[in-house]
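What follows is each chain in one-letter form.
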Amino acid sequence: MSSSKSFNWKEALGSGLAVPPFMLLPLVSPFLLLWGEKPNWESIYNPVESVSNNSTITNQVSSQDAVLLQPIWNYLLENHFDFISHFLFPAVLGLICFIITCIYFTVKDLTHDLNTKTQPEHFPTVKDMLEAAVPQLLIYFVANTASWFLFPWRVPLPLVAPTLWRFILEVITCTIVGDLLIYISHRTMHIVPFLRKHIHSVHHKYHHPFSWAGGWVHPLEDAIVIGCQLVFPMCMIDCHPFSMWVFLALWVIFLVEEHSGHDVWWSPYQFLPEGGGGAVPHDIHHVKPLKNFGFVLTVWDQMFGTYEAPEVKPQSSSSSSSS
């Protein structure tokens, strides 16, 4: 007989602390980012100058500031500056990650991969996937292509890459802050009757979500998602562009995974067994809408009493080479 997966933090840690230790990260990580010297990002890369001149400057700082990431940053600046300096590059990067991740899970659905499927009796049909995918792809492609050429605005990029330490802290902080905001905004969508009935109901059209369904939202909710979960965290801590792009890519990938209906080995639910979100806990939300509002983490649901643990933790694809 299967039993519900549950964990009582208060019991495990004592009555004085009722949250998991890593819940302290939201309080600690912003201070860690401010600790030490202010990053030297004021020197801006100039594509008009010779590559050797820019390289000389970056080489002078690389030994002290960004030994590991500076060579990667140099390569991007010197070979793809026109592309990555466009103000819409993050949107294009997000679209690329969205499409590739959706295709990955589409293959699993088309081949009926039972090794990772959270609800083996509910695979989406080809019709389901086309109805969700085609409108989104058309809108994203047309909007991004038109905007790219109509608004060729450029963003100044720093010469210096972030240190590995700061890069990791920025990505983690953005993830934690964004995840808290998605919990708040998502729960608000369910609490306020107008938002639940006229806005968020578009997304809840699917009771058994699949990859392409993750992006099926009302335009207003889409704007709230982008503003609250992506733009605000990145602006709040003044991220280096490289950190921002990596965070954005990971966020989109996990967004698709959360709605994929597959428990893959790289899901937060797998590598954060007592606090990770993903497809397994989120499937419950689409059946019980007042449970499991979280995204990458489930700790917010655990803290505020909205968490329902999956009855059985599905076998991940780690045991199968097919994923």
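Residues numbered from 1 in each chain as written. Predicted model: local features only at pLDDT ≥ 70, side-chain atom pairs only at ≥ 80, totals over all residues. Heavy atoms only, no water.

Undergrad: So what exactly am I meant to see when it comes to the overall build of the chain here?
TA: Each helix and strand in the chain was counted, giving 13 helices and zero strands. When the helices and strands of the chain are placed in sequence order, the string is α-α-α-α-α-α-α-α-α-α-α-α-α. Here the chain, with 323 residues, has 46% of them falling under the buried criterion. If you take every contact in the chain between residues at least 6 apart in sequence, the share linking residues at least 24 apart comes to 72%. (Helix = DSSP H or I, 4+ residues; strand = E, 2+ residues; numbered from the N terminus. Buried < 20%, exposed > 50% of the residue type's maximum accessible area, 1.4 Å probe, protein only. Contact = heavy atoms within 4.5 Å.)

Undergrad: It is not clear to me how the nonpolar core should be interpreted in this structure. Could you clarify?
TA: As a rule of thumb, soluble globular proteins bury nonpolar side chains together. Core analysis: the biggest nonpolar cluster contains 48 residues, and Trp 73, Ile 84, Phe 98, Leu 157, Phe 210, Trp 212 and Trp 245 have the highest contact counts within it. Mapped onto this core, the elements with two or more residues apiece are helix 4 (70–84), helix 5 (89–110), helix 6 (126–150), helix 7 (164–191), helix 10 (241–258) and helix 13 (299–304). Among the elements that make up this core, the one with the highest residue count is helix 10 (nine residues). With residues near it in sequence (within four places) discarded, Trp 245 still touches Trp 73, Leu 76, Ile 84, Phe 89, Pro 90, Leu 93 and Leu 157. (Core = buried A, V, L, I, M, F, W, Y, C linked by side-chain atoms within 4.5 Å.)

Undergrad: What should I look at first to understand the packing of helix 7 against helix 10 in this one?
TA: When two helices pack together, their arrangement is given by the angle between the helix axes and by the axis-to-axis distance. Between helix 7 and helix 10, the least distance of the axes is 9 Å, while the angle of their chain directions is 45 degrees. Taken together, helix 7 and helix 10 sit at an angle that is classed as oblique. The two elements helix 7 and helix 10 meet at a crossing, and its hand is right-handed. Residues Phe 167, Glu 170, Val 171, Cys 174, Thr 175, Gly 178, Asp 179 and Ile 182 of helix 7 lie in contact with helix 10, whose contacting residues are Phe 242, Ser 243, Val 246, Phe 247, Leu 250 and Trp 251. Of the residues that constitute the contact of helix 7 with helix 10, the class distribution is nine nonpolar, three polar and two charged. (Axes fitted to C-alpha atoms, helices over the stretch in contact; angles between N-to-C directions. Parallel < 35°, antiparallel > 145°, perpendicular 65-115°, else oblique. Left-handed = near helix turned anticlockwise from the far one by under 90°. Nonpolar A, V, L, I, M, F, W, Y, C, P; charged D, E, K, R; others polar.)

Undergrad: Please explain the packing of aromatic side chains as it appears in this structure.
TA: Each aromatic ring pair is described using two quantities: the centre-to-centre distance and the angle formed by the ring planes. Applying the stated criterion to the full structure yields 19 aromatic pairs. Ring plane angle 80 degrees and centroid distance 5.1 Å describe the contact between Phe 83 and Phe 89, whose orientation is recorded as edge-to-face. A ring pair is formed by Phe 98 and Tyr 140, whose centres lie 6.1 Å apart and whose planes are at 85 degrees; its orientation type is edge-to-face. On the criterion of sequence distance, the pair formed by Phe 98 in helix 5 and Tyr 140 in helix 6 is long-range, its members being 42 residues apart. Cluster of aromatic residues (ring-pair linked, three or more members): Trp 73, Phe 83, Phe 89, Trp 148, Phe 167, Phe 242 and Trp 245. Between the NZ or CZ atom of Lys 117 and the centre of the ring of Phe 123, over which it lies, the distance is 5.1 Å. (Phe/Tyr/Trp six-rings, centres within 6.5 Å; stacked < 30°, edge-to-face > 60°. Lys NZ or Arg CZ within 6 Å of the ring centre and 35° of its normal.)

Undergrad: Can you help me understand the pattern of salt bridges in this one?
TA: Two side chains that carry opposite charge are able to pair once their charged atoms sit near each other. Tallying each qualifying case throughout the model produces four salt bridges. Two residues, Arg 166 and Glu 170, come together in a salt bridge whose shortest N-O distance is 2.8 Å. Pair noted here: Arg 166 and Glu 170 are both in helix 7, with a separation of four residues, about one helical turn. You can call Arg 166 buried: its relative accessible area is 14%. Looking at Glu 170, the relative accessible area reads 0%, which means it is buried. (Salt bridge = Lys/Arg side-chain N within 4 Å of Asp/Glu carboxyl O.)

Undergrad: Is there a simple way to think about the packing of helix 5 against helix 6 in this case?
TA: The contact between helix 5 and helix 6 brings their axes to 11 Å, and the two run at 165 degrees. The orientation of helix 5 with respect to helix 6, classified from their angle, is roughly antiparallel. Along this stretch, helix 5 crosses helix 6, giving a crossing that reads as left-handed. For the pair helix 5 and helix 6, contact is made by Phe 89, Ala 91, Val 92, Leu 95, Phe 98, Ile 99, Thr 106, Asp 109 and Leu 110 and by Val 126, Met 129, Gln 136, Leu 137, Tyr 140, Phe 141, Asn 144 and Trp 148, respectively. Among the residues making up the contact of helix 5 with helix 6, the classes are represented as 13 nonpolar, three polar and one charged.

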